[in-house]
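# Breakdown of the fold
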Amino acid sequence: RAGRHRRGNRRKRQPVVGIKPSIFRWARISAGLSIDTVAEKLKQHPDKIKAWEAGKTTPTYLQLEKLAYKIYKQPLAIFFFPSPPRKKRSSNYE
């Protein structure tokens, strides 16, 4: 059991695959945050956030969870969408 638990933690520290870079930028802008602010909240260098948004690297699963839930306030699944979600249209009815 302990070995399985350790392997699971190791996987969470591996880069996540299958995320479109445009989703990172969309999520950050939707949250109204700068790259520097996101980097500070994650305790990472701003160049790392820029690399994620450029598609050069990806965060680990643990970093992605923190980005989604604590920083961007978005469901984790959004980061696996093929493109950024469209903004909800406001209703003409009240």
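Above: the structure in question.
On a predicted model such as this, the values are computed, not experimentally measured, just so you know. Within each chain, residue numbers correspond to sequence positions counted from 1 in written order. Local features in this predicted model are restricted to residues of pLDDT 70 or higher, and side-chain atom pairs are both shown and tallied only at a pLDDT of 80 or more, whereas totals for entire chains, interfaces and linings draw on every residue. Derived side-chain values reflect all non-hydrogen atoms in the structure, with water molecules and hydrogen atoms excluded from consideration.

## Brief notes about the nonpolar core
A general trend in soluble globular proteins is that nonpolar side chains are found buried together. Rules: The nonpolar core is taken to be a set of buried Ala, Val, Leu, Ile, Met, Phe, Trp, Tyr and Cys residues, with the residues joined through side-chain atoms within 4.5 Å. For every residue, the accessible area (1.4 Å probe, protein chains only) is compared with the maximum for its type, and the residue is labelled buried under 20%, exposed over 50%, or partly exposed between those bounds. Here, residues are in contact when the closest pair of their heavy atoms is within 4.5 Å.
V38, L67, Y72 and F79 are the most contacted members of the largest nonpolar core, which has 21 residues in total. For L67, the contacting residues outside a window of four places in its chain are F24, V38, L42, W52, P59, Y72 and K73.

## Quick word on helix α2 (residues 21-30)
Where we set the bar: Going along the chain from the N terminus, every DSSP run of H or I of four or more residues is numbered as a helix, and every run of E of two or more is numbered as a strand.
Of all the residues in α2, the buried ones are I23, F24, W26, A27 and R28. Against α3 (35-42), α4 (46-54) and α5 (61-71) lie the buried residues of α2. One or two positions beyond α2, positive phi appears at G32, with a value near 70°.

## Overview of the side chain of Q74
Mapped onto the elements of the fold, Q74 is located in the segment after α5. With relative accessibility at 17%, the residue Q74 sits in the buried group. When residues no more than four places from it in sequence are discounted, the contact partners of Q74 are W26, A68, Y69 and F79.

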